[in-house]
Structure formats: C-alpha cells, structure tokens
Amino acid sequence: MAKVLVATEKPFAKAAVEKIKALVEEAGFEFALLEKYTDKSQLLDAVKDATALIVRSDKVTREVLDAAKELKIVVRAGAGYDNLDLEACTEKGIVAMNTPGQNSNAVAELALGMMVFMARNKFNGTAGTELRGKTLGIHAYGNVGYYVAKIAKGFGMDVYAFDPFVAKEKIEADGVKAVDSVEELYSTCQYVSLHIPANEHTKKSINKELAGKMPSNAVLVNTARKEVIDEESLLELMEERNDFTYISDIAPDNAAFVEKFADRVFFTPKKMGAQTAEANINAGVAAAKQIIAFINDGDETFRVNK
Ligand code: 3PG
C-alpha cells in the first residue's frame, strides 16, 4: 500500500492535517505524520518506507532522498521549492511538485500587515503615517504579488510592478503600473515588496545599489527569502540612510540589523507568512490531491523538475 508521509518541522494547522489524512485514507493509502522534529535523523527514519512526501520549508536534501528508498513523489506544500534538491530528485526519478497560489493570500496579508505595523511606529501610540497615496513596488508579479497589489489598492496605494516573466498587459489589466526595469521600480517606489524566488540569479541580488535608489522614507518588505538579500550591503545602506526601514518575515542572519537599527527594522520571530489555517488547508489539501492524482493517473501537473 502506498504510504503518504507529511513531514513538517513547522506543523500545519490541525484542521489541515485532518483533511490531508482523510483524503489520503479515502484514496486507500496509508497516512503517516512527523511534526516538529528536532533532529534530521527523525526525518531520515520517517522517510524510509514513504511512497510520497509532503513538506513545507523542510530541507529535502540528497541525504533525505537517499534514505527514502521507496519515494516516487515529493510535494512542497507551498510556493518556493528552493528547499528541494531538484537535481537529486531527477537523478532518482522522483517527481517534485509545489502547490502554486495556495498560500499566496496569507503571505500578502502579512506583507500589508507588517507595512501598517511599521507605518504606525509598531503601535507604540505615537503619530505614524498612512499607506494611502504612497507608492508601492511589487518586485515579481506572481501569485503573492497579485494579492499584494489587490489589497494595497484597497488601502489606496499607488501600485507598480516589475516582472520580466509576466506580460505588461496582464499586470496592467489588474490596474497596476508595469515598469520596464527593476531600477525603475526601486527609484519610483517608497515601499517595495519582494516576491522573487531564491535561485542562482536572485541570491544576494537586493543590495545597496538597488535599494539605495528608493525615494525618501523607503520601506523594503521581504516576505520572500532571506537569501535574496545582500545583508552586508543593506546594512551599509541603513548606516548611510536613517530614513530606510527593512521589514521581513525571515530574520536576517546578521544580528547587526536589530542591534544597530532596532527602530527601523521588524522581523517576525518565525517565518509565518503562510501560517494561517486557510493557507495550510489550501496547500496541504492541494498537495494530497496532487499525490493521489499522480499515483492513480500519472498526473504530473505542477511538476517542477524535469
Ligand atoms: C512558500 O514558499 O510557500 C512560503 O514561503 C511558505 O513557507 P512555509 O510553508 O515554510 O511557511
């Protein structure tokens, strides 16, 4: 009998786990759960006899795949799949998938929530500023970017986007101004919200040179990945510009951000963009359905490795 393992260091909401379990068992497969594991050895042990694996940001390395002798498919319940070793998956004939769009609204709500929090001086009671009428640049117009634009327009923000992989017409059809270059986006917008994936082209790509183009009272919002930031160079920029704010759902590695610029930074204690019951249910259920369709019908929609 095929065994579907949900292995999440950061657990899904209980309701999501129940729905995944029900779907898997209805399909006639075995369901297994490994949550909040603290050591890699627990994951290595749990994957031994799994046919299918559902993870979140859990690292699915070559070592994990070596231990997973029966594995046919791994689904990252979420958007970014930088935690999967795709090359090793392909070598071993394992299908890798993500669940695009399923948790995007949750991430977008957090991005706007953090913007309000900082604009109101971390709710400390002093007079802050409003988002209405401010420029917002969306760096990469995928599923999260789309929701950020939609919500930001509700706030009355003036929304711009840059994405070389999305047709300008599609962006503009949403009432968002599509700009021609990343430099133009940063030099136009007081707020910039990052929605780029972490890959060989984007790692450390957000640096002093680019972010330094932002107008006065700049706010850089990162709900993407910490790896896309060149931390040393952003620290230099924050040193030079006392009007620059950095807020992120993923705390940077360098402690100097908090030590030196406490008032101009905010970092969530643990990555929580997709931490809502709705997002967990959407992404978890989509992952389970994709696995069932793959095992039963060979359906490879949403495959991300070749
Ligand atoms: C994603 O890529 O889908 C988000 O970053 C969410 O990641 P998480 O499932 O680890 O919260």
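**Quick word on the sheet that holds strand β3 (residues 52-55)**
- Ordered in space as β2-β1-β3-β4-β5, the five strands form an open sheet in which the pairing is parallel. Whereas interior strands pair on both sides, the edge strands pair on one side only; in this sheet they are β2 (30-35) and β5 (95-98). Geometrically, the sheet is characterised by an average inter-axis angle of 15° between neighbouring strands, direction not taken into account.
- Against the sheet, helix α1 (residues 14-26) contacts β1 (3-8), β2 and β3, and its axis sits at roughly 155° relative to β2.

**Side note on helix α12 (residues 277-297)**
- An ideal rise of 1.5 Å per residue puts 30 Å on 21 residues; α12 measures up with 29 Å between its terminal C-alpha atoms.
- Trailing α12 by a residue or two, G298 shows a phi angle of about 70°, which is positive.

**Regarding the pairing of strand β9 (residues 191-194)**
- Residues Y191 and S193 line one face of β9 and the alternating positions V192 and L194 line the opposite face, and both faces are buried.
- Pairing geometry for strand β6 (residues 135-139) and β9, over four bridges, is parallel. Bridging across to β9, L136 finds its partner in Y191.
- Across four bridges, the pairing between β9 and strand β10 (residues 219-222) is parallel. Bridge pairing in β10 places L194 opposite N222.

**Some remarks on the site of the ligand**
- Residues in close proximity to the ligand include K10, R56, S57, R76, G78, A79, G80, N103, R225, K271 and A274, which together make up its full environment.
- R56 is positioned such that a nitrogen or oxygen atom in its side chain is 3.0 Å from an oxygen atom of the ligand.
- A79 has a polar backbone atom sitting 2.6 Å from an oxygen atom of the ligand.
- The protein chains hide 95% of the 320 Å² of surface that the ligand would expose on its own.
- Its residues placed into classes, the shell around the ligand shows two nonpolar, four polar and five charged.

**Thoughts on the environment of C89**
- Following the sequence through the fold, C89 ends up in helix α4 (residues 86-91).
- With 69 residues separating them along the chain, C89 and D158 place their C-alpha atoms 42 Å apart.
- Those residues in contact with C89 that lie beyond four places of it in its chain are L65, V74, I94, A96 and N305.

**What to know about the pairing of β1**
- Taken across its six residues, β1 has six buried, putting it largely inside the fold.
- What you see with β1 is no split at all: K3, L5 and A7 on one side and V4, V6 and T8 on the other are buried throughout.
- As defined by bridge partners, β1 adjoins β2 across six bridges and the pair is classed as parallel. Paired with V4 across the two strands is F31, which belongs to β2.
- Between the parallel elements β1 and β2, the chain passes through α1 in a crossover that is right-handed.

What counts and what doesn't
- Residues numbered from 1 in each chain as written.
- Predicted model: local features only at pLDDT ≥ 70, side-chain atom pairs only at ≥ 80, totals over all residues.
- Heavy atoms only, no water.
- Pairing = 2+ DSSP bridges.
- Helix = DSSP H or I, 4+ residues; strand = E, 2+ residues; numbered from the N terminus.
- Axes fitted to C-alpha atoms, helices over the stretch in contact; angles between N-to-C directions.
- Contact = heavy atoms within 4.5 Å.
- Expected span 1.5 Å × (residues − 1).
- Buried < 20%, exposed > 50% of the residue type's maximum accessible area, 1.4 Å probe, protein only.
- Near = heavy atom within 4 Å.
- Polar contact = N/O pair within 3.5 Å; in protein donor to acceptor, adjacent residues only side chain to side chain.
- Areas by Shrake-Rupley, 256 points an atom, 1.4 Å probe, with all protein chains shown as cover.
- Nonpolar A, V, L, I, M, F, W, Y, C, P; charged D, E, K, R; others polar.
- Right-handed = clockwise from strand over helix to strand, strands pointing away.

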